[in-house]
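Residue-level structural notes
What follows is the residue order along each chain.
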Amino acid sequence: MNPAMQADDTRLTRLITRQAQKRHLAALWAAAAGIAPGMIVLDIGAGSGALSFEYAALVAPGGRIIAIDPDAECIAHINEQATNRALPLHAITGTAEALPPLPAPPDRVMLTDALHHMNDPTTALRRLHAIMPPHAILFIAEYDPAGAGAMGAKLSRRTAPATVAALLAAAGFTIQAQAAAPDEHYTITAIP
Ligand SMILES: C[S@@+](CC[C@H](N)C(=O)[O-])C[C@H]1O[C@@H](n2cnc3c(N)ncnc32)[C@H](O)[C@@H]1O
């Protein structure tokens, strides 16, 4: 294997390993968002897909996960796993700010530990608002800047709940609930 290919492989392996450590959160996020069989779930900023794979098991039969991330290597990995494991999951390379066309409108939009990574969260939330049908729910999980900083995103990179609430209001969302959550997170559910 040439050194460039080996470096890419190591990077993906590192991402997969790191994200697998957060897999336990998928059941909590799914329950809080009300993910159920038959639903179309848009997982924005899906990374290497550890949580998307868990959601895929929960929407069967009849539902589907659409995973989106700008990292083409992660997207290839997710689609390979989805095929190998026969999961109802399709991954697309893209960003929330410039959403690619979706195969179906979502019932739930999962935005977990991704908002603080985005270059333009204002545009991202506006785009999501534009594609969500009235019955859909947006679920956000973020690391809390009031946390200890013992795990997850560096304290300096975290976004305060009040900032996310202001971004949501500016994008046209109404907040339904906000809660403290495990591993230094807070969660927000909002409707368009
Ligand atoms: C820490 S990972 C979160 C993975 C997963 N959602 C979770 O809860 O563990 C953040 C992901 O956001 C993605 N990301 C960064 N900018 C983005 C954007 N503008 N739109 C969508 N995803 C983005 C990154 O590529 C990365 O895979």
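Only a predicted model underlies this, so the values are computations on that prediction, with no experimental measurement involved.

Basis of the calculations
- Residues numbered from 1 in each chain as written.
- Predicted model: local features only at pLDDT ≥ 70, side-chain atom pairs only at ≥ 80, totals over all residues.
- Heavy atoms only, no water.
- Pairing = 2+ DSSP bridges.
- Helix = DSSP H or I, 4+ residues; strand = E, 2+ residues; numbered from the N terminus.
- Axes fitted to C-alpha atoms, helices over the stretch in contact; angles between N-to-C directions.
- Contact = heavy atoms within 4.5 Å.
- Buried < 20%, exposed > 50% of the residue type's maximum accessible area, 1.4 Å probe, protein only.
- 1 Å grid on protein atoms, 1.4 Å probe; cavity = no way out; pocket = protein on both sides within 12 Å on 5 of 7 lines; lining within 4 Å.
- Points joined across faces, edges and corners; volume = space filled by probe spheres on them.
- Near = heavy atom within 4 Å.
- Polar contact = N/O pair within 3.5 Å; in protein donor to acceptor, adjacent residues only side chain to side chain.
- Sits in = over half its atoms within 2 Å of the grid points.
- Nonpolar A, V, L, I, M, F, W, Y, C, P; charged D, E, K, R; others polar.
- UniProt positions renumbered as here; feature names shortened; annotations may be inferred.
- Parallel < 35°, antiparallel > 145°, perpendicular 65-115°, else oblique.
- Left-handed = near helix turned anticlockwise from the far one by under 90°.
- Right-handed = clockwise from strand over helix to strand, strands pointing away.

Read across the sheet, seven strands follow the order β3-β2-β1-β4-β5-β7-β6 without closing on themselves; strand pairing throughout is mixed. Every other strand in the sheet has two partners, leaving β3 (89-93) and β6 (174-181) as the edge strands with one partner each. With direction set aside, neighbouring strand axes in the sheet form an average angle of 15 degrees. The pairing of strand β4 (residues 108-112) with strand β5 (residues 137-143) spans five bridges and is parallel. Each residue of the ladder has a partner; that of methionine 110, found in β5, is phenylalanine 139. Packed on one face of the sheet, helix α4 (residues 72-84) meets β2 (64-69) and β3 and runs near 165 degrees to β3.

The subject of this paragraph is the environment of methionine 110. Topologically, methionine 110 is positioned in strand β4. Between the alpha carbons of methionine 110 and alanine 67 there is a distance of 9.4 Å; along the sequence they are 43 residues apart. Among residues more than four places away in sequence, those in contact with methionine 110 are Trp29, Ala30, Ala33, Ile35, Val41, Leu42, Asp43, Ile44, Tyr55 and Phe139.

In terms of burial, helix α3 (residues 50-59) is a largely internal element, seven of the ten residues being buried. Along α3, the residues classified as buried are Ala50, Leu51, Ser52, Phe53, Tyr55, Ala56 and Val59.

In this section: the layout of surface pockets. One number sums up the size of the largest pocket: a volume of about 1,000 Å³. Gly45, Gly47, Asp113, Ala114 and His117 are the residues nearest the centre of the largest pocket, which is lined by 39 residues in total. At the level of secondary structure, the elements contributing two or more residues to the lining of the largest pocket comprise α1 (3-20), α2 (25-33), β1 (40-44) and β2. A total of four residues in the lining of the largest pocket trace back to one element, the largest contributor, which is α1.

Turning our attention to the site of the ligand. Residues in close proximity to the ligand total 16 residues, the closest being Lys22, Gly45, Asp69, Glu97 and Thr112. At a separation of 3.3 Å, an oxygen atom of the ligand approaches a polar side-chain atom of glutamine 19. Among the detected pockets, the ligand sits in the largest pocket. Among the residues forming the shell around the ligand, the class breakdown is six nonpolar, six polar and four charged.

With that out of the way, let us pick up the UniProt feature "domain: Methyltransferase" (unreviewed entry) in the protein. The UniProt feature table records "domain: Methyltransferase" (unreviewed entry) at residues 41-134. The distance from the first to the last C-alpha atom of residues 41-134 is 15 Å, and the span holds 36% helix and 21% strand.

The next thing to look at is the packing of α2 against α3. It is at 9 Å that the axes of α2 and α3 come closest, and there the two elements cross at 50 degrees. Judged by the angle between their axes, α2 and α3 are oblique. Both α2 and α3 take part in a crossing whose hand is right-handed. Where α2 abuts α3, its residues Ala26, Trp29 and Ala30 lie against Leu51, Glu54, Tyr55 and Leu58. Counted by class, the contact of α2 with α3 contains six nonpolar, no polar and one charged residues.

What follows covers the pairing of β4. The element β4 is largely enclosed, with a buried count of five among its five residues. Here β4 shows a buried face lined by Arg108, Met110 and Thr112 and a second buried face lined by Val109 and Leu111. Note on the crossover from β4 through helix α5 (residues 121-131) to β5: the handedness is right-handed.

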